[in-house]
Amino acid sequence: MNQTISLLVVDDEESVRTSLHNWFREDGYEVGTAKDAYEALQLIERAHWDILLLDIKMPGMDGLELQRRVRQVNKDVIIIIMTAYASVDTAVQSLKEGSYDYVVKPFNPDELSHLIRNAAEHIVLKNENVQLRQDVSQISGMEEIVGDSPQMRRVMELVQTVAASDSTVVIRGESGTGKELIARAIHCHSPRRYFPIVPVNCGALAETLLESELFGHEKGAFTGAQSRRKGKFEMADRGTLFLDEIGNISQKMQMELLRVLESKQFTRVGGNQTIHVDIRLICATNKNLEKAVEEGSFREDLYYRINVFTIILPPLRERKSDIPLLAQHFVSKYAKIMNKEIKEISSEAMDILIRHNWPGNIRELENAVERAMVVGKPPYLKPQDLPFQLAKEALEEAPDQDSLAEVEKRHIRNVLNRNHWNISRSAMKLGIDRVTLYNKIKKYQLRK
Amino acid sequence: MSCVYIVPLLELRPQTRQRLCVAIEQQTFWSAELLDVPFDGQFAYDQVREQYHSSQILLGLKNLIKPGTDKILAIVPFDLFIPILTFVYGEAHLDGPAAVVSIYRLRPEFFGLPPAPELVVERLIKESIHELGHTFGLRHCRNRGCVLNASTYVEEIDLKTHEFCAACREEIVRHAGK
Ligand SMILES: [Zn+2]
Ligand SMILES: [Zn+2]
């Protein structure tokens with residue numbers, strides 16, 4: 001452990017404070033003690049603590065109440081409750097309220113030291129992965145982001161399945177379909193989640209640069225290489241390497257990549273030291289790899305090496321039922337970022353979004369919503385807020401001989417989609433009662 | 001020259017005393033010798049726990065030597081505890097004068113296994129040097145072979161050597177030389 005873990009012992013019994021203080025200090029922790037909850041709160045305010053060891057029974061404010069107070073301001077600190085046999089029930093209550101664990105006095109030294117070591121490891125990993133944690137929290141709301149259509153549900157099931165294994169995955173789909181998001185989802189659900197996922201866009205780099213990007217280089221390996229640099233392979237050690245646009249790499253790089261994947265070792269550019277890595281590889285491409293193999297531009301052996309498991313992301317136009325959900329998600333996202341009071345999309349504007357073909361997929365949709373949010377005014381986005389091209393397209397395509405029924409059907413569908421098929425809410429918005437709405441849904445054969 | 005005084009509260013074979021002293025001298029660069037004092041540690045007995053309070057033993061030991069110059073190590077046959085823990089193999093004043101080691105849980109018999117006197121001597125030497133390391137201000141070491149590696153299971157004691165690793169040895173030289 002190369003970082004010192006700080007630990008605060010809160011107990012009204014002096015002998016407990018001293019012996020734990022000595023014991024943990026020997027183990028290399030930074031230890032503080034407090035004789036009651038009030039002193040503890042002062043210390044907690046003044047300094048950062050990684051672990052709090054709280055006695056459950058103390059005069060004045062007890063450990064459980066102290067835990068509650070601390071939790072209100074600090075969600076991250078690890079709290080361990082110390083208890084006597086008589087109050088194990090209360091200790092269990094503390095677990096429900098977010099303590100890491102509890103220990104029964106007197107402690108078995110084996111158990112206590114294992115408990116603290118585990119907690120310390122937890123903290124070290126957490127600190128190393130603040131970035132990753134942010135990614136995870138981004139991902140945890142991901143079902144919302146990628147959509148809820150049957151196609152995307154199927155994709156998310158695949159993500160869960162493949163995450164548990166360690167096999168190489170190829171994610172295929174048009175650009176803008178969210179391939180990196182899926183790669184991150186796999187990583188975040190995998191046992192490697194406490195280590196980094198390192199993305200590399202292979203398509204964006206020239207061959208020589210890509211080589212040093214992936215494998216690193218020694219000082220002076222080439223002009224401009226002024227110091228030694230770790231490559232992405234090394235950075236992804238024990239984690240996941242995400243190679244985007246794998247279909248674009250040169251023959252030479254294909255060969256080198258294959259060699260690393262087979263031997264799990266490589267040397268830095270300009271170096272001779274062999275470096276071993278343990279990585280999981282996820283690749284993504286919008287190219288037809290089979291065709292590339294046939295044409296001889298992609299190595300067949302590499303193709304078989306990486307193509308263990310494939311996830312295909314359908315283009316947005318093939319899952320239009322996701323559009324309202326995604327669009328609404330981006331409205332909320334940019335309302336927050338831009339601090340605007342726009343909460344919704346008018347049904348006319350949504351109609352235009354649903355009709356559009358989205359060759360740029362989710363990325364294009366997000367850009368369109370972002371732009372609309374810049375020009376739009378509360379309370380909702382209107383057709384004229386959308387990028388000019390979209391609105392124009394819609395006008396051209398709009399069949400002007402729409403029957404009244406056609407218009408009604410479309411309007412009802414939009415309202416339903418915008419309200420996530422909440423019947424009561426949709427009926428209210430439409431100004432009709434629920435039974436009428438049910439009848440219309442049946443009449444127009446509308447489906448979720 | 002500063003000295004580590006050893007107070008055995010049990011019968012140690014002359015051979016064992018000899019090995020213990022040599023090991024301590026080699027590892028700490030201090031001289032080591034046995035101290036003949038009337039000290040039985042009975043005052044530290046806790047009737048409720050039926051164990052001996054190791055922190056109290058340390059306080060008793062501290063009074064037996066010149067403060068500031070020497071160190072003292074007791075080797076006891078009985079089970080030790082500190083109030084918050086069910087037992088301890090030993091205890092030491094971090095950067096202080098006194099240390100205590102118990103052989104109670106170092107014997108295979110404690111776990112229902114056949115006796116192994118040689119193994120017990122090895123464990124005793126390791127734990128003695130470990131606790132003395134603490135009196136020189138050293139904390140636990142992550143190096144598995146180092147005598148200052150924390151042992152929570154008795155089998156873990158067998159995995160380490162009775163020697164300080166290079167890094168800890170450097171520390172010892174710095175502290176012991178003072
Ligand atoms: Zn120790
Ligand atoms: Zn060491």
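Residues numbered from 1 in each chain as written. Chains lettered and ligands numbered in written order. Predicted model: local features only at pLDDT ≥ 70, side-chain atom pairs only at ≥ 80, totals over all residues. Heavy atoms only, no water.

Peer 1: Any chance you could explain the overall build of chain A here in plain terms?
Peer 2: Per the secondary structure count, chain A includes 21 helices and 16 strands. A total of 448 residues make up chain A; the buried ones form 48% of that total. Taking all contacts inside chain A whose residues are at least 6 apart in sequence as the whole, residues at least 24 apart take part in 70%. For chain A, the exposed area adds up to about 22,600 Å²; of that, 50% sits on carbon and sulfur atoms. (Helix = DSSP H or I, 4+ residues; strand = E, 2+ residues; numbered from the N terminus. Buried < 20%, exposed > 50% of the residue type's maximum accessible area, 1.4 Å probe, protein only. Contact = heavy atoms within 4.5 Å. Areas by Shrake-Rupley, 256 points an atom, 1.4 Å probe, with all protein chains shown as cover.)

Peer 1: How should the coordination of the zinc ion (ligand 2) be read in this particular structure?
Peer 2: Ideal values differ by geometry: the angle at a metal is 109.5 degrees with four tetrahedral donors, but 90 or 180 degrees with six octahedral donors. Each protein donor to the zinc ion (ligand 2) is listed here as Cys 141 of chain B (SG), Cys 146 of chain B (SG), Cys 165 of chain B (SG) and Cys 168 of chain B (SG); together their distances run 2.3 to 2.4 Å. Geometry at the zinc ion (ligand 2) is tetrahedral, judged from the four donor atoms that bind it and their angles of 104 to 116° at the metal. (Donors = N, O, S within 2.8 Å, 3.2 Å for Na, K, Ca; no water. Tetrahedral: all angles 85-135°; square planar, octahedral: opposite > 155°, others 65-115°.)

Peer 1: Even after reading the chapter, I still don't get the coordination of the zinc ion (ligand 1), so can you show me in this structure?
Peer 2: Surrounding the zinc ion (ligand 1) are the protein donor atoms His 130 of chain B (NE2), His 134 of chain B (NE2) and His 140 of chain B (NE2), at 2.0 to 2.1 Å. Overall, His 130 of chain B belongs to the buried group, its relative accessible area being 4%.

Peer 1: Where do I start with the interface of chain A and chain B in this structure?
Peer 2: Interface size, as often reported, equals the accessible area lost upon joining of the parts. Taken together, the contact pairs 21 residues of chain A with 17 residues of chain B. Summed over both sides, the interface of chain A with chain B buries roughly 1,900 Å², with 57% coming from carbon and sulfur. Looking only at chain A, the three residues that lose the most surface to chain B are Arg 25, Glu 26 and Asp 110 of chain A, adding up to 31% of its buried area. For the interface between chain A and chain B, the tally reads zero salt bridges. (Buried area = accessible area lost by both parts, 1.4 Å probe. Salt bridge = Lys/Arg side-chain N within 4 Å of Asp/Glu carboxyl O.)

Peer 1: Just to check I follow, could you spell out the packing of aromatic side chains for this structure?
Peer 2: How two aromatic rings sit relative to each other is given by the distance of their centres and the angle of their planes. Within the structure shown, the criterion is met by twelve aromatic pairs over all chains. Chaining the aromatic ring pairs together yields one cluster made of Trp 23, Phe 24 and Tyr 29 of chain A. Lys 71 of chain B extends its terminal NZ or CZ atom over the ring of Phe 136 of chain B, reaching a point 4.9 Å from the ring centre. (Phe/Tyr/Trp six-rings, centres within 6.5 Å; stacked < 30°, edge-to-face > 60°. Lys NZ or Arg CZ within 6 Å of the ring centre and 35° of its normal.)

Peer 1: I would appreciate a short explanation of the pattern of salt bridges in the present structure.
Peer 2: Side chains carrying opposite charge are able to pair once their charged atoms draw close together. The final tally for this structure, using the stated rule, is 31 salt bridges over all chains. Between Arg 154 of chain A and Glu 157 of chain A there is a salt bridge, and its shortest N-O distance comes to 3.5 Å. Of this pair, Arg 154 of chain A and Glu 157 of chain A both sit in helix H8 (residues 150-164), three residues apart, roughly one helical turn. A salt bridge links Lys 160 of chain B to Glu 127 of chain B; the nearest nitrogen and oxygen atoms lie 3.6 Å apart. Of the two residues, Lys 160 of chain B is situated in the loop between helix H4 (154-159) and helix H5 (166-176) and Glu 127 of chain B in helix H3 (residues 117-135); the sequence distance between them amounts to 33 residues. Each of Asp 351, Arg 355, Arg 410 and Arg 413 of chain A takes part in a single network of salt bridges with overlapping partners.

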